[in-house]
Amino acid sequence: MLGRTLHEEKTLPRESSIVLATLSELRAHAPAIFGQAVLGEDGFLLRKERIDGTDCLVVTGTTDRGVLYGVFALLSRIARGETVSALNETQQPYAPIRWVDEWDNLDGRIERGYAGPSIFFENGNVRADLTRAGEYARLLASIGINGCAINNVNANPRILEDDFLPQVARVADVFRPWGVRLSLSVDVSSPKVIGGLDTFDPRDPRVAEWWKKKFDQLYALVPDFAGVVVKADSEGRLGPATYQRTPADAANVIARALAPHHGIVFYRAFVYNHHLDWTSPKNDRAKAAYDNFHPLDGKFDDNVIVQIKHGPIDFQVREPASPLFSGLDKTNEAIELQVTQEYTGQQRHLCFLPTMWKQVLDFDMHAGPQPTPVKDIVSGKTFDRPTGGFVAVVNVGMDANWLGHPLGMANLYGYGRLAWNPDLDSKVIAEEWTRLTFGNDSTVVRTIQSMLVSSWTVYESYTGPLGAGTLTDIVGSHFGPGVESSERNGWGQWHRADPGGIGMDRTAATGTGYVDQYRAPVRKMYESLDTTPDELLLFFHHVPYTYVLGSGKTVIQHIYDSHYAGAQLAAGFVNQWKTLKGHVDEERYEEVLGRLEFQAGHAIVWRDAVCNWFLGISGIADQYGRVGHYPGRIEAEAMQLEGYVPFDVVPRETASGGKAIECLPSEQKCSATYRFAGAAGRYEIDVEYFDQNNGKSHFRVFVRDRVVDEWVADDRLPATKPGGDSSTRRRIPGLALRPGDNIRIEGVPDGEEHAALDYIEIHATPE
Ligand code: GCV
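For every chain, the first residue of the written sequence is number 1, and numbering continues from 1 along that sequence. The predicted origin of the model limits local features to residues at a pLDDT of at least 70 and limits the giving and counting of side-chain atom pairs to 80 or more, whereas totals for whole chains, interfaces and linings rest on all residues. Based on all heavy atoms of the structure, the side-chain values leave hydrogens and waters out of the count.

Student: Can you walk me through the overall build of the protein in this structure?
Tutor: The helix count covers DSSP runs of H or I at least four residues long, the strand count covers runs of E at least two residues long, and both are numbered beginning at the N terminus. A count of helical and extended segments in the protein gives 18 helices and 27 strands. The globule rule is 2.2 Å times the number of residues to the power 0.38, and the radius of gyration it is compared with is taken over C-alpha atoms. Against the 2.2 N^0.38 benchmark of 27 Å for 767 residues, the protein shows a C-alpha radius of gyration of 28 Å, consistent with a compact globule. The principal-axis extents of the C-alpha atoms in the protein amount to approximately 90 × 65 × 55 Å. Sorting the 767 residues of the protein into buried and exposed places 61% on the buried side. Considering only intrachain contacts with a sequence separation of at least 6, the fraction spanning at least 24 residues in the protein is 72%. For every residue, the accessible area (1.4 Å probe, protein chains only) is compared with the maximum for its type, and the residue is labelled buried under 20%, exposed over 50%, or partly exposed between those bounds. In what follows, a contact means two residues having at least one pair of non-hydrogen atoms within 4.5 Å.

This is the structure:
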């Protein structure tokens, strides 16, 4: 930046300089200036100083890592156009633990990853070329992250095999220059599966010995190895329950093997029974973490951290804070957040999560006489615990921009910033990220910041109303709408919508009793319908559709209205982004535009599916007559078909009218024609088609036998059949239509994708 070459010096410079040094080095050279400075681990100091008559910009920390963080903070200031002329700033991270988890499998696939294959693994081994892993470590360091677990919590025991350890050591080597410590997810059955023992009982001394030897071996290769993450007795994973042992037994046997090396164990509180009896009104998955871990408080060793998902279910678009945060006074805790947008649009939808995380981090659990927000509990302040902090599941991939959606990266940045300082305002974070990513053009900053900060509630409004959970395909992709999928199964993500009403009754008086897991003031608030905030109403209460919310609307009308408003706002993102043409680089402009256009179309798929499902079950019409009535929409099955045949889409609400048309492989090519009967003028046509990942159909659209558009359905959506996951909109703007014009869509199927079409919608556009 300055066109000067950096030198490593053992003494302080004689010319005006930027000085990077640890505090102890500075104290030795300039005791008068730095003798009093105090900093904790990983903290840093940025200071403009006159040392021996020369002006210096000093970046210092107690450790090299702190100095590095200080350098990034300085660069950030400069990039955001802030002054560095009278600098005197001390920063100390809120908590020692600021980690990320990656759910990468050894074969290179990533569970719930939406940005291409693993940067760590390929074909069962660590990648030969770890350049991207090193770059990722730099990226993590730039936001203050100091640990990274590189493999899926659904861990393959092979990760600890003797011949694999040198491979993971290579990852540690590329992390180390950036102060990021390597961690691994381990399977508790490893002593048996790869260790040759006939047991993995955590109380068996042979098992303890196995873990000890294994970690001695690992630390010989990776002396700064940080520790392990454990998922056990959850979603089919083996665990201590096999031997009627507790999570504390399992955590401690591993912790004791790590302790001599100062390693730690993150034991995930995500332990629940996914075969719950749906018919019992008392069963409740939300209770599981507290039920399993609260009785063990005080039984975990000091180098164990219980890792708690921010809500009691599973990263839904809105959940209350997990009651377990205030259920472990004598145990280290970490909050687990999710950057990868599993339930929040999978980086296809814009959804800036720091706004949501803040609500949980700032939530007062009432665990003591003073306010006890979640951020203070997990960082060890409330109960004075030795360690704790923040973990996020990130799942970056080999795609050029790490997470798939260029704006999705704001979530990773925001996570790092909140882990460093959870008091930051999410609006400030959005602004910082925008400036650092797109520059300081005020139109760009204002526009992107405003899109980011509104995006979570926009997404919520068309996917998961009033705390009912994300109404997505629970048993599949977790992407498109699937309202019914959460019911009548053992997974426990129930919303219990029936013809009479909707919501999980979790009260102590008449429901599952979940509210009893909170401390008294919180319990009292959620127990009563009157004091439960609207946005979480259906999480805590079962109410009739006609129940009147605090807003004055009935529940059913709120569902309709919020879905229409949300889809409208999602369409607005496209227009907002278009104002930035020429203000941001063309490549990212186009990439973001494509994602936002997809989102706007998919928000309509969501809107229609959810509204029609609730219209069906409640029998209560939309007061504004929108639901079930779509001006300008022509169902594909009502068009004149050649080769195409109609079929029923399942679940029916994920296609307009419950039906679509497909071109079976026995046909080379099919067509659907509509004779336009409107007035002459300019129109846009939306073609709703199904883009699966098991074929690349080809579409052509003709008006008066002239091709007006063509495309290949080759997106990477999580779908192998027509439905809410694959439904995609193609917008063809600026068409001059006259009455009697034939609009013909030609589809050529490919593989198992049958060029399926749902409908077309014709809208007049202003001249
Ligand atoms: C890694 C959810 C996800 C799973 C994930 C699990 C977990 O259930 O859908 O893919 O498994 O959470 O957090 O362990």
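Resuming the write-up.
Student: Whenever I open this one, the state of the cysteines confuses me. Can you help?
Tutor: Put plainly, two cysteines are in a disulfide when a covalent bond ties their sulfur atoms together. For this text, the term disulfide refers to a pair of cysteine sulfurs within 2.5 Å. Per the counting criterion, the structure on display carries 1 disulfide. For Cys663, the disulfide goes to Cys670, at an S-S distance of 2.0 Å. Torsion about the S-S bond of the Cys663 and Cys670 cystine: about 75 degrees, corresponding to right-handed handedness. The same class applies to Cys663 as to Cys670, namely buried. As a non-bridged cysteine, Cys611 has Cys351 as the owner of its nearest cysteine sulfur, 19 Å distant.

Student: Even after reading the chapter, I still don't get the packing of aromatic side chains, so can you show me in this structure?
Tutor: In this description, an aromatic ring pair is defined by two values, namely the gap between the centres and the angle between the planes. Between 30 and 60 degrees the pair is tilted, below 30 it is stacked and above 60 it is edge-to-face, where a pair is any two Phe, Tyr or Trp rings, Trp via its six-membered ring, whose centres lie within 6.5 Å. Taken as a whole, this structure holds 34 aromatic pairs when the rule is applied. Ring centres 6.3 Å apart and planes at 15 degrees place the aromatic pair Phe479 and Phe598 in the stacked group. Highlighted residues: Phe479 in the loop between α14 (442–463) and β15 (501–502) and Phe598 in helix α18 (residues 586–618), separated in sequence by 119 residues. Look at Phe598 and you get buried, because its relative accessible area is 10%. Summarising the aromatic geometry, the rings of Tyr514 and Tyr518 are spaced 5.4 Å apart at their centres and angled 85 degrees between planes, so their arrangement reads as edge-to-face. Its relative accessible area of 0% is what places Tyr514 among the buried residues. Since its relative accessible area comes to 1%, Tyr518 is described here as buried. Taken together, the aromatic side chains of Phe363, Tyr514, Tyr518, Tyr526, Phe539 and Phe540 make up a single cluster linked through ring pairs. Here the basic side chain of Arg348 rests over the ring of Phe598, its NZ or CZ set 5.7 Å away from the ring centre. The ring centre of Tyr514 lies 5.8 Å from the NZ or CZ of Arg506, which sits over that ring. Definition used: whenever NZ (Lys) or CZ (Arg) falls within 6 Å of the ring centre and also within 35 degrees of the ring normal, the charge is taken to sit over that ring.

Student: Honestly, the pairing of strand β10 (residues 227–230) in this entry has me stumped. Any pointers?
Tutor: On a regular strand, one side chain projects to one face of the sheet and the next to the other, so that they alternate. The rule for pairing is simple: two strands pair if DSSP sees at least two bridges between them. As judged from the 4 bridges shared by strand β9 (residues 181–186) and β10, these two strands associate in the parallel manner. Residue Leu184 lies in a different strand from β10, and its bridge partner there is Val228. Across 4 bridges, β10 lies against strand β11 (residues 264–268) in parallel orientation. By the bridge assignment for β11, Val230 is matched with Tyr267. For crossovers, right-handed means that the path from the first strand over the helix to the second runs clockwise, given strands pointing away from the viewer. A crossover connection joins β10 to the parallel β11 through helix α8 (residues 247–258); in handedness this β-α-β unit is right-handed.

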